Amino acid sequence: MAIATKVKLAKSGQKMSLAEVLAELEALGTEQNRKIYKRHGAGDNLYGVSYANFGLLQKKIKLDHELAKQLWATDNYDARVLATMIADPHELNAELLENWVNDLNNYALADALAGLAVKTASARQKMEQWVQSDSEWIGRSGWLVLSHLALKDESLPDDYFEKYLPFIEQNIHTSRNWVRHGMNNALIAIGIRNKALEQKVLAVAARIGKVTVDHGETNCKTPDIASYISKTNEHRKTKQAVQV
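**Some remarks on the overall build of the protein**
Right, on to step 1. Along the backbone of the protein there are 14 helices and zero strands.
Right, on to step 2. Ordered by position from N to C terminus, the α and β elements of the protein give α-α-α-α-α-α-α-α-α-α-α-α-α-α.
Right, on to step 3. Computed over C-alpha atoms, the radius of gyration of the protein comes to 19 Å, within 12% of the 18 Å expected from 2.2 N^0.38 for 244 residues, which places it in the range of a compact globule.
Right, on to step 4. Counting only C-alpha atoms and orienting by the principal axes, one finds that the protein spans roughly 55 × 45 × 40 Å.
Right, on to step 5. Expressed as a percentage of the 244 residues in the protein, the buried residues total 48%.
Right, on to step 6. For the protein, the exposed area adds up to about 12700 Å²; of that, 50% sits on carbon and sulfur atoms.

**Remarks on the packing of helix α1 (residues 18-28) against helix α4 (residues 65-73)**
Right, on to step 1. Relative orientation of the contacting elements α1 and α4 amounts to 55 degrees, with a least axis distance of 10 Å. Compared by their axis directions, α1 and α4 come out oblique. Read as a crossing pair, α1 and α4 show a hand that is right-handed. Here Leu-18, Val-21 and Leu-22 of α1 lie close against α4, whose contacting residues are Leu-67, Gln-70 and Leu-71.
Right, on to step 2. Across the contact of α1 with α4, the residue classes tally to five nonpolar, one polar and no charged.

**Re helix α5 (residues 77-86)**
Right, on to step 1. Among the 10 residues that make up α5, nine are buried, leaving the element largely enclosed by the rest of the structure.
Right, on to step 2. Burial in α5 covers these residues: Tyr-77, Asp-78, Ala-79, Arg-80, Val-81, Leu-82, Ala-83, Thr-84 and Ile-86.
Right, on to step 3. Buried-residue contacts for α5 involve α1, α2 (31-39), α3 (51-61), α4, α6 (94-103) and α7 (107-117).
Right, on to step 4. Where α5 begins, one side-chain oxygen reaches toward the backbone nitrogen of Asp-78, 3.0 Å away; that side chain belongs to Asn-76.

**Looking at the packing of α3 against α5**
Helix packing geometry: the angle between the two helix axes and the distance between the axes.
Right, on to step 1. One way to put it is that α3 packs onto α5 with a least axis distance of 10 Å and a crossing angle of 45 degrees. Here α5 runs oblique to α3, going by the angle between their axes. Crossing of α3 against α5: the hand is right-handed. Contacts between α3 and α5 involve Tyr-51, Phe-54, Gly-55, Leu-57, Gln-58 and Ile-61 on the former and, on the latter, Tyr-77, Asp-78, Val-81, Leu-82, Met-85 and Ile-86.
Right, on to step 2. In terms of residue class, the contact of α3 with α5 is built from nine nonpolar, two polar and one charged.

**Here we look at the nonpolar core**
Right, on to step 1. Judged by nonpolar contacts, the single largest core of 75 residues is most densely connected at Leu-25, Leu-71, Leu-82, Trp-100, Trp-143, Leu-146 and Phe-161.
Right, on to step 2. Not counting residues within four places of it along the chain, the set of residues in contact with Leu-82 comprises Val-21, Leu-25, Phe-54, Leu-57, Gln-58, Ile-61 and Leu-71.

**Some remarks on α3**
Every α-helix winds through 3.6 residues per turn, so residues three or four apart in the chain are directed the same way.
Right, on to step 1. Residues of α3 that are buried: Asn-53, Phe-54, Leu-57 and Ile-61. Around the axis of α3, the buried residues are gathered within 105 degrees of arc, so they sit on the same side.
Right, on to step 2. Looking at the buried side of α3, the elements it contacts are α1, α4 and α5.
Right, on to step 3. Downstream of α3 by a residue or two, Lys-62 has a phi angle that is positive, lying close to 65 degrees.

Procedures and definitions
Residues numbered from 1 in each chain as written. Predicted model: local features only at pLDDT ≥ 70, side-chain atom pairs only at ≥ 80, totals over all residues. Heavy atoms only, no water. Helix = DSSP H or I, 4+ residues; strand = E, 2+ residues; numbered from the N terminus. Rg over C-alpha atoms; globule rule 2.2 N^0.38 Å. Buried < 20%, exposed > 50% of the residue type's maximum accessible area, 1.4 Å probe, protein only. Areas by Shrake-Rupley, 256 points an atom, 1.4 Å probe, with all protein chains shown as cover. Axes fitted to C-alpha atoms, helices over the stretch in contact; angles between N-to-C directions. Parallel < 35°, antiparallel > 145°, perpendicular 65-115°, else oblique. Left-handed = near helix turned anticlockwise from the far one by under 90°. Contact = heavy atoms within 4.5 Å. Nonpolar A, V, L, I, M, F, W, Y, C, P; charged D, E, K, R; others polar. Polar contact = N/O pair within 3.5 Å; in protein donor to acceptor, adjacent residues only side chain to side chain. Core = buried A, V, L, I, M, F, W, Y, C linked by side-chain atoms within 4.5 Å. Arc of directions from axis to C-beta.

Worth remembering: the numbers are spatial, not functional.
Here it is, written out as structure tokens:
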């Protein structure tokens, strides 16, 4: 039996309480996942729920903004991951988003929050503030929101992204560890947005050289900008050929 089938949820149409969700998260946690998440900086307040089970919980709960706020307030890693999955972006105002980003203490939650923040009405405003932050986690969140915008928001002109290239080039090697990684991701996302930006990003990447990030006790590696863009282009060509 797959572990994902362990999820025991309320009946359809019946909302889950905070106590019910926390009990479910605790039951779904595993020691192996706790070890993995701790190596990625999650701290000790966690259950160790698999992302497959997070997905099942999110699918059942759908959007429940009040529950998301309650989950976030627990300061539990798994509860906060789930909170970013069930929070309603339309109800997540700038004040609450700012409160949440100031609570961040690891890069995985920063990534999760960035994925939610980009769906909110204040995404651009917050991104523009956060990339200037001295905080490692807030700064990382900002660069990842920019990455999401580059990949998903077709309404923005090229110069919206191009203006960040000189800043990244000047600051990437002196920025904090996970901010540096976020900048690297932003360059990749901007570079695969279109051919015009790709050429500008590749020129910046050549001048920057190798970007070194400390991934701690994990097997994660920092993607090379030019190689990643090239592989993405090849994947797109293959996908288009198959569709034809």
